Amino acid sequence: MSRSKLLLVLLGSSLLGGCAADYLNNYDTMTLASGDSQKANQLLQTVDPYNPASNNTKIEGDGARSVGVVQKYKLPPAPAPTTNMTVNVGPTGTSTQ
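Just so you know, these numbers come straight off a predicted model, no measurement behind them. (Residues numbered from 1 in each chain as written. Predicted model: local features only at pLDDT ≥ 70, side-chain atom pairs only at ≥ 80, totals over all residues. Heavy atoms only, no water.)

**Remarks on the overall build of the protein**
The line we're drawing: Note on conventions: DSSP H or I runs of at least 4 residues are helices, E runs of at least 2 residues are strands, and numbering of each starts at the N terminus. Per-residue accessibility takes into account occlusion by the displayed protein chains alone, with areas from the Shrake-Rupley method and a 1.4 Å probe.
The number of helices and strands found in the protein is 3 helices and 0 strands. Overall, the protein shows an N-to-C arrangement of helices and strands of α-α-α. When the accessible area of the protein is evaluated, it comes to approximately 10400 Å², of which 59% is carbon and sulfur surface.

Dropping the structure here:
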């Protein structure tokens, strides 16, 4: 057999072998969705399965408030205000004179 005929036979067999790969993916096992046929049929026969409010494309909102929220997350928080407070730590009732 010449080299070109061998190449042609290998090419043809690989093309035909590719068609068989899909057939081999069929298994005789149970899937996790087994037994859900009633639920699947019920969902297929639902007239309007979507929430009626999902068609509303006009979303109510306050633009200034939204900008404020975005800026609040973008900017670092302001430092806590400092106070002039004296904290005494120690036993009570003792005096240092």
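After that view, the rundown keeps rolling.
**A word on the pattern of salt bridges**
Cut-off, in case you're wondering: For salt bridges, the criterion is a side-chain nitrogen of Lys or Arg within 4 Å of an Asp or Glu carboxyl oxygen. For the exposure calls, accessible area comes from a 1.4 Å probe over protein chains only, and a residue counts as buried if that area is under 20% of its type's maximum, exposed if over 50%, partly exposed in between.
Scanning the model with the defined rule gives 1 salt bridge in all. When the shortest N-O distance is used, the salt bridge between K58 and E60 registers 3.7 Å. Take K58 and E60: they sit in the same class, and that class is exposed.

**Describing a nonpolar patch on the surface**
As a reminder of what qualifies: Surface patches are drawn from residues lacking salt bridges whose relative accessible area is over 30%; two like charges belong together within 9 Å, two nonpolar side chains (Val, Leu, Ile, Met, Phe, Trp, Tyr) within 5 Å.
The grouping of M85, V87 and V89 at the surface amounts to a nonpolar patch, some 380 Å² of accessible area in total. Structurally, V87 can be placed in the segment after α3 (63–74). What makes V87 exposed here is its relative accessible area of 60%.

**Considering the confidence of the model for the protein**
Low pLDDT means the predicted coordinates in that region are not meant to be read closely. The test is simple: Scored between 0 and 100, pLDDT is the confidence that the predictor attaches to each residue.
Confidence in the prediction for the protein averages 78 pLDDT; 81% of positions are at 70 or higher. Within the protein, the element-level pLDDT minimum falls on helix α1 (residues 3–23), averaging 78, and the maximum on α3, averaging 89.

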